[in-house]
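What follows is each chain in one-letter form.
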Amino acid sequence: MRSASRAASAFAVALSAMALSATCASADERPQRLPRDTLARASTCYVNLDYPCVTDLLALLPVWYEPPAPGAVPPGVRLVEVPLLLEAGRILGVSHLVLDQTRSARRVFRWLLALDPGYVLAGSEIPPRYIQIFLEVRAELIAPPVAHEITAVAAGRALGLGLRPRVVRRAVEIARLEAEVNLPRPLQLELGLRAGAGWVGLTRRDAEVFSDAAGFLLGVDLFVDDTGYLLSADVGGSIHDVKLEDLIQEGQDSFRIMHLMVSGGREWRFAWFGLRPSLGVGMGAFGVSAFFEEVGPAVSARLSLDAHAPTAFLLSLRGELRSVTVFDGGPLTSVIFIGGLDVGTRF
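Residues numbered from 1 in each chain as written. Predicted model: local features only at pLDDT ≥ 70, side-chain atom pairs only at ≥ 80, totals over all residues. Heavy atoms only, no water.

## Let's talk about the pattern of salt bridges
Okay, so step 1: The full count for this structure, using the stated rule, is 17 salt bridges.
Okay, so step 2: Note that glutamate 81 is salt-bridged to arginine 78, the shortest N-O span being 3.5 Å.
Okay, so step 3: Put simply, arginine 302 and glutamate 320 hold a salt bridge, and the shortest N to O gap is 3.1 Å. Here arginine 302, found in strand S7 (residues 294-308), pairs with glutamate 320, found in strand S8 (residues 313-327); they are 18 residues apart in sequence, far enough to count as distant.
Okay, so step 4: Here arginine 302 falls in the buried class, since its relative accessible area comes to 7%.
Okay, so step 5: Three or more residues joined by partner-sharing salt bridges are found here, namely Arg194, Asp221, Asp234, Arg302, Arg318, Glu320, Arg322 and Asp342. (Salt bridge = Lys/Arg side-chain N within 4 Å of Asp/Glu carboxyl O. Helix = DSSP H or I, 4+ residues; strand = E, 2+ residues; numbered from the N terminus. Buried < 20%, exposed > 50% of the residue type's maximum accessible area, 1.4 Å probe, protein only.)

## Considerations on the environment of threonine 227
Okay, so step 1: Structurally, threonine 227 is set in the loop between strand S2 (213-224) and strand S3 (229-241).
Okay, so step 2: Taking the relative accessible area as the measure of exposure, threonine 227 reaches 33% and is therefore partly exposed.
Okay, so step 3: Sequence separation between threonine 227 and arginine 266 is 39 residues; the distance between their C-alpha atoms is 8.2 Å.

## Thoughts on unusual backbone geometry
Okay, so step 1: A positive phi angle, near 65°, is found at leucine 49, a position not held by glycine.
Okay, so step 2: If you trace the backbone, leucine 49 turns up in the loop between helix H2 (36-47) and helix H3 (51-58).
Okay, so step 3: Even without being glycine, aspartate 100 reaches a positive phi, approximately 65°.
Okay, so step 4: Among the structural elements, aspartate 100 can be located in the loop between helix H5 (82-98) and helix H6 (102-115).
Okay, so step 5: With a relative accessible area of 64%, aspartate 100 lands in the exposed category.

Put into structure tokens, the structure is as follows:
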């Protein structure tokens with residue numbers, strides 16, 4: 001560990017000595033030059049075992065510097081700067097693993113292998129289980145072409161030696177292994193939990209009798225791999241005060257609304273932010289003395305602006321339009337506007 005600390009310290013000193021005035025950038029704007037001062041600060045954090053600092057400083061490197069082709073120099077990077085970028089990716093991937101963020105580490109390793117297809121993760125401070133994860137990622141990327149190459153070379157040499165039966169058996173074995181490598185990877189699902197509060201606005205006749213009110217929401221999300229698609233289930237409600245004094249029905253002191261919705265949508269990510277439209281169906285209930293005096297089908301259209309922290313923390317600004325229909329001598333539809341702020345996590 002001491003040798004690794006010396007190496008990382010030397011890396012930080014070298015970066016600081018070589019640092020030019022890097023262009024400052026916002027979270028969604030790539031700097032015009034490689035931000036060497038930021039890389040140096042991240043290296044210092046890594047030496048001091050401050051791994052959240054490393055992930056905060058370097059989280060956008062794979063987004064900013066994605067190579068146009070495997071082994072190609074990314075835009076905004078000079079050829080001589082590629083080793084600095086590889087070292088920054090190394091400490092970023094290891095920091096994610098230390099923080100038990102294996103999914104993020106795998107993304108970083110895929111990016112490192114895109115920068116340099118021959119890259120090998122190394123370091124005396126890196127435990128074997130971390131290197132094993134890197135090797136798994138590399139195997140996913142290079143196993144099929146390597147299998148073809150081994151088959152061709154082995155066939156050429158063995159045929160020249162008259163070892164055709166052995167070549168055939170070996171080729172069959174490699175083909176079987178390659179087929180196993182190319183088996184479709186099962187979908188990985190991640191669970192998310194949300195809790196939120198917001199404003200519930202009534203419309204039409206409901207708005208004439210009852211006031212708007214604060215509402216609550218509890219939700220569960222199921223994220224489908226890295227596709228951006230997700231399924232959600234929400235339960236929420238609100239209690240609205242009566243604002244008329246001359247009510248036909250005495251004793252109406254409040255109006256209660258509740259919903260249970262299932263929705264599907266997709267999130268489009270832009271660096272740390274995401275835009276997520278979704279459509280939902282479910283049941284809506286409302287009443288004066290109880291929540292479930294009237295129950296009917298409900299549909300909703302929702303748009304959420306998500307802010308993703310480097311950890312699993314999620315903050316969402318939500319806007320929703322919901323329609324509830326009940327049948328009491330005929331269809332009666334109520335339209336509700338909802339705006340809220342949700343906090344959640346994904347694991």
